[in-house]
Amino acid sequence: MKIKVVKDYEEMSREAALFIEKNVRENPQLTLGLATGGTPLGTYRFLAQGHRERKMDYSRVTTFNLDEYVGLPKNHEHSYHSFMQKHLFSLVPFGRTYIPNGEAADLEEECIAYERLIEKEGPPDIQLLGIGSNGHIGFNEPGASFEGETHVETLAETTRKANARFFPSPEDVPKEAITMGIGSILKSRKILLLASGLRKNEAIRRLLKGEMDESFPASALYHHENVTLIVDEEAYGKGV
Ligand code: F6R
């Protein structure tokens, strides 16, 4: 794992955007795995700026999102479809964009179809990841299999509490999500993991211990040979 410690959220976001831009310049037909939540917002802002001001072209890039809440209509203001539309897709035209359908009538079928799509179009050349304070990646909560494919996951209470900040009230946070599995994530060629702020300090400390354990999903990343962690000083703390 390559580790880059940067000053703050802004610097983490700029570095992440530069990493993506460099790879897209080298391969304009790249497949990009995307995340939602607070962590990648700054990265998306810089990507949009690069498109606007430096004519970065994403028109042949295919994107796959990691996850989507179960039961929220796509146009619900808190769905990840809406999130991506608002923070990236309305600002940067991409070739094709895929997000799991959390309101599919048959969720199991949707998971199988999404995994097949990743295999057909991908796997992602770069997978962007945030990390939950409990170590989750995607919505793979503690205990998720390191070999898992796209599936429906019951969200941990800590995750629902952490994400309550995006909803009118904590009860409004959905209880389940479709998520790419850890096995699906590990198929990506490069993984770019971002972490910022004191809230992530404990998770990063545990990650850097290097012990692989299904009770800490992010530790699966030690199975992967090309992971870059960009972490700010607050999240890094004293490190190991
Ligand atoms: C989002 C996702 C999650 C988040 C994680 C951190 O698509 O898959 O794993 O990356 O919950 O969330 P934030 O960035 O809001 O701290």
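Quick caveat, the model's predicted, so the values are computed rather than measured.

Parameters at a glance
- Residues numbered from 1 in each chain as written.
- Predicted model: local features only at pLDDT ≥ 70, side-chain atom pairs only at ≥ 80, totals over all residues.
- Heavy atoms only, no water.
- Pairing = 2+ DSSP bridges.
- Helix = DSSP H or I, 4+ residues; strand = E, 2+ residues; numbered from the N terminus.
- Axes fitted to C-alpha atoms, helices over the stretch in contact; angles between N-to-C directions.
- Contact = heavy atoms within 4.5 Å.
- Near = heavy atom within 4 Å.
- Polar contact = N/O pair within 3.5 Å; in protein donor to acceptor, adjacent residues only side chain to side chain.
- Areas by Shrake-Rupley, 256 points an atom, 1.4 Å probe, with all protein chains shown as cover.
- Nonpolar A, V, L, I, M, F, W, Y, C, P; charged D, E, K, R; others polar.

Caption draft 1: Summary view of the sheet that holds strand E4 (residues 67-69). Overall, antiparallel pairing links the three strands, which are arranged E4-E8-E7 in an open sheet. If you trace the sheet from one side to the other, it starts and ends with E4 and strand E7 (151-154), each paired once. When strand polarity is set aside, the average angle formed by the axes of neighbouring strands in this sheet is 30 degrees. Bridge analysis of E7 against strand E8 (residues 176-179) gives four bridges, and the strand direction is antiparallel. The residue bridging His151 from the neighbouring strand is Thr179, located in E8. Most of the contacts of helix H4 (residues 107-121) go to E7, to which it runs at about 120 degrees, and overall it touches E7 and E8.

Caption draft 2: Here's a closer look at the site of the ligand. Of all residues adjacent to the ligand, which total 15 residues, the nearest are Thr39, Asp67, His136, Gly138 and Lys200. The contact in question runs from an oxygen atom of the ligand to an N or O atom on the backbone of Gly38, over 2.8 Å. Contact with the protein chains hides 96% of the accessible area of the ligand, taken as 410 Å² for the molecule alone. Across the shell around the ligand, the residue classes break down as three nonpolar, eight polar and four charged.

Caption draft 3: Molecular detail of the sheet that holds strand E5 (residues 96-98). Read across the open sheet, the seven strands follow the order E1-E10-E9-E6-E2-E3-E5; overall the sheet is parallel. Where the open sheet ends on each side, the last strands, each with one partner, are strand E1 (2-6) and E5. Sheet twist, expressed as the average angle between the axes of neighbouring strands with direction ignored, equals 15 degrees. Note that strand E2 (residues 31-34) and strand E6 (residues 126-129) share two bridges and pair parallel. The partner of Leu32 across the bridge, within E6, is Ile126. Across the face of the sheet, helix H1 (residues 9-26) comes into contact with E1, E2, E6, strand E9 (190-195) and strand E10 (227-232) while running at roughly 165 degrees to E9.

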